[in-house]
Amino acid sequence: GMTGAALADLIKRTDQNYVLVGHSLGARVAVTAAQALGTNRDEPPRIEAMHLLGAAVDDGGDWQTLNNAVSDTIWNYWSRNDKVLGIAYRAVRAGGVAVGHAGFDSGFARIKDRDVSKLVPSHSAYVPNIKLR
């Protein structure tokens, strides 16, 4: 959306590299920004790594631009115990499955799913229970 486009624009205007961390809709903003940046193959990636916690992002997308956007790794921490993503998100998104509930399962080398179901009992429990790599 607009917020992701604005973030991508801010990143493009600097000469820094970034690590993006986002939870829920914040992860969605990070993914949108990264995809916008990943469409430009003429420049090296400006994002080193991403940590997505309980990402409110539909699975089944074309993740090539996301994979292109990072120089290192996108860590997707997901939990099947996340009822917000498992029930509410599905209802709002007309049956769409969130990558924060089931993983990307993308096949792209830089997008790595981490099943944290044993550590994360709910949508608000990622931050206190997850150690970022």
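Keep in mind that what you see is a predicted model, and the values were worked out from it rather than measured. Along each chain, numbering runs from 1 in the same order as the chain's sequence is written. The predicted nature of this model means local features are confined to residues of pLDDT at least 70 and side-chain atom pairs, given and counted, to a pLDDT of 80 or more, with totals for whole chains, interfaces and linings taken over all residues. Where side-chain values are given, they derive from all heavy atoms of the structure, hydrogens and water being excluded.

## Looking at the packing of aromatic side chains
Logical step 1: Each Phe, Tyr or Trp ring (for Trp, its six-membered ring) is paired with any other whose centre lies within 6.5 Å, and the angle between the two planes then decides the class: stacked below 30 degrees, edge-to-face above 60, tilted in between. In total, this model carries 1 aromatic pair according to the counting rule given.
Logical step 2: Seen in terms of ring centroids, Trp-63 and Phe-104 are 4.9 Å apart; in terms of plane orientation they differ by 90 degrees. Their pairing is edge-to-face. Here Trp-63, found in the loop between β2 (47–53) and α3 (64–68), pairs with Phe-104, found in the loop between α5 (99–102) and β4 (111–115); they are 41 residues apart in sequence, far enough to count as distant.
Logical step 3: Between buried and exposed lies partly exposed: a residue is buried under 20% and exposed over 50% of the maximum accessible area for its type, with that area taken using a 1.4 Å probe on protein chains only. Taking the relative accessible area as the measure of exposure, Phe-104 reaches 5% and is therefore buried. Only runs of H or I of at least four residues qualify as helices and only runs of E of at least two qualify as strands under DSSP, and these elements are numbered from the N terminus.

## Quick notes on a nonpolar patch on the surface
Logical step 1: Residues qualify for a patch when their relative accessible area is over 30% and they have no salt bridge, like charges being joined within 9 Å and the nonpolar side chains of Val, Leu, Ile, Met, Phe, Trp and Tyr within 5 Å. Residue-level accessible areas treat just the shown protein chains as cover; the underlying method is Shrake-Rupley with a 1.4 Å probe. Think of a salt bridge as a Lys or Arg side-chain nitrogen and an Asp or Glu carboxyl oxygen that are within 4 Å of each other. Among the surface-exposed residues, Val-19, Val-21 and Leu-132 lie close enough to one another that they form a single nonpolar patch of about 240 Å² accessible area.
Logical step 2: Judged by its relative accessible area of 44%, Val-19 is partly exposed.

## Here we look at the environment of Asp-105
Logical step 1: Along the chain, Asp-105 falls in the loop between α5 and β4.
Logical step 2: Remark: the alpha-carbon pair of Asp-105 and Gly-60, spanning 45 residues in sequence, is separated by 8.7 Å.

## Observations concerning the pattern of salt bridges
Logical step 1: A complete count under the given rule lists 3 salt bridges for this structure.
Logical step 2: The partner of Arg-13 in a salt bridge is Asp-9, with the nearest N and O atoms 2.7 Å apart.
Logical step 3: Since its relative accessible area comes to 64%, Arg-13 is described here as exposed.

## Details of the environment of Met-50
Logical step 1: Residue position: Met-50 is located in strand β2.
Logical step 2: A relative accessible area of 0% places Met-50 in the buried class.
Logical step 3: Once the C-alpha coordinates of Met-50 and Asp-9 are considered, the two residues, 41 residues apart in sequence, prove to be 17 Å apart.
Logical step 4: If near-sequence neighbours (up to four positions away) are discounted, Met-50 is found in contact with Leu-20, Ala-30, Val-31, Ala-34, Leu-66, Val-70, Thr-73, Ile-74 and Trp-75. Contacts: residue pairs with any heavy atoms within 4.5 Å of one another.

## Examining helix α2 (residues 25–38)
Logical step 1: Its 14 residues give α2 an end-to-end C-alpha distance of 20 Å, which sits within 8% of 20 Å, the value for a rise of 1.5 Å per residue.
Logical step 2: Among the structural elements, α1 (2–12), β1 (18–23), β2 and α3 are those in contact with the buried residues of α2. The span expected for a helix works out to 1.5 Å for each residue beyond the first.

## Side note on helix α4 (residues 83–92)
Three- or four-residue spacings in an α-helix give side chains the same orientation, since the helix completes a turn every 3.6 residues.
Logical step 1: The set of residues buried in α4 consists of Leu-85, Gly-86 and Tyr-89. Buried residues in α4, looked at end-on, bunch into an arc of 115 degrees, giving them a common side. When the buried face of α4 is taken as reference, the exposed residues oriented beyond 90 degrees from it are Lys-83, Ile-87 and Ala-91.
Logical step 2: Those residues of α4 that are buried lie in contact with α2 and α5.
Logical step 3: One side-chain oxygen of the residue at the start of α4 lies 3.2 Å from the amide nitrogen of Val-84, identifying that residue as Asp-82. The directions from the helix axis to the C-beta atoms form the arc being described. The term polar contact refers here to a pair of N or O atoms within 3.5 Å; inside protein, the definition further demands a hydrogen-donor-capable atom paired with an acceptor-capable atom, and it admits residues adjacent in sequence only when both atoms are side-chain atoms.

## A look at the packing of α1 against α2
Logical step 1: Fitted lines through C-alpha atoms give the axes, limited to the stretch in contact for helices. The angle between two N-to-C directions lies from 0 to 180 degrees. Interhelical geometry of α1 versus α2 gives an angle of 55 degrees and a closest axis separation of 7 Å. The angle between α1 and α2 falls in the class oblique. Pair α1 / α2 crosses with right-handed handedness. Mapping the contact onto sequence places Thr-3, Gly-4, Leu-7, Ala-8, Ile-11 and Lys-12 in α1 and Val-29, Thr-32, Ala-33, Ala-36 and Leu-37 in α2.
Logical step 2: Side-chain classes are defined by residue name, with Ala, Val, Leu, Ile, Met, Phe, Trp, Tyr, Cys and Pro counting as nonpolar, Asp, Glu, Lys and Arg as charged, and the others, Gly among them, as polar. Across the contact of α1 with α2, the residue classes break down as 7 nonpolar, 3 polar and 1 charged. In this scheme, roughly parallel covers angles under 35 degrees and roughly antiparallel covers those over 145, while 65 to 115 is roughly perpendicular and the rest are oblique. Handedness of a crossing is defined here by the sense of rotation of the near helix relative to the far one, left-handed for an anticlockwise turn of less than a right angle and right-handed for a clockwise turn.

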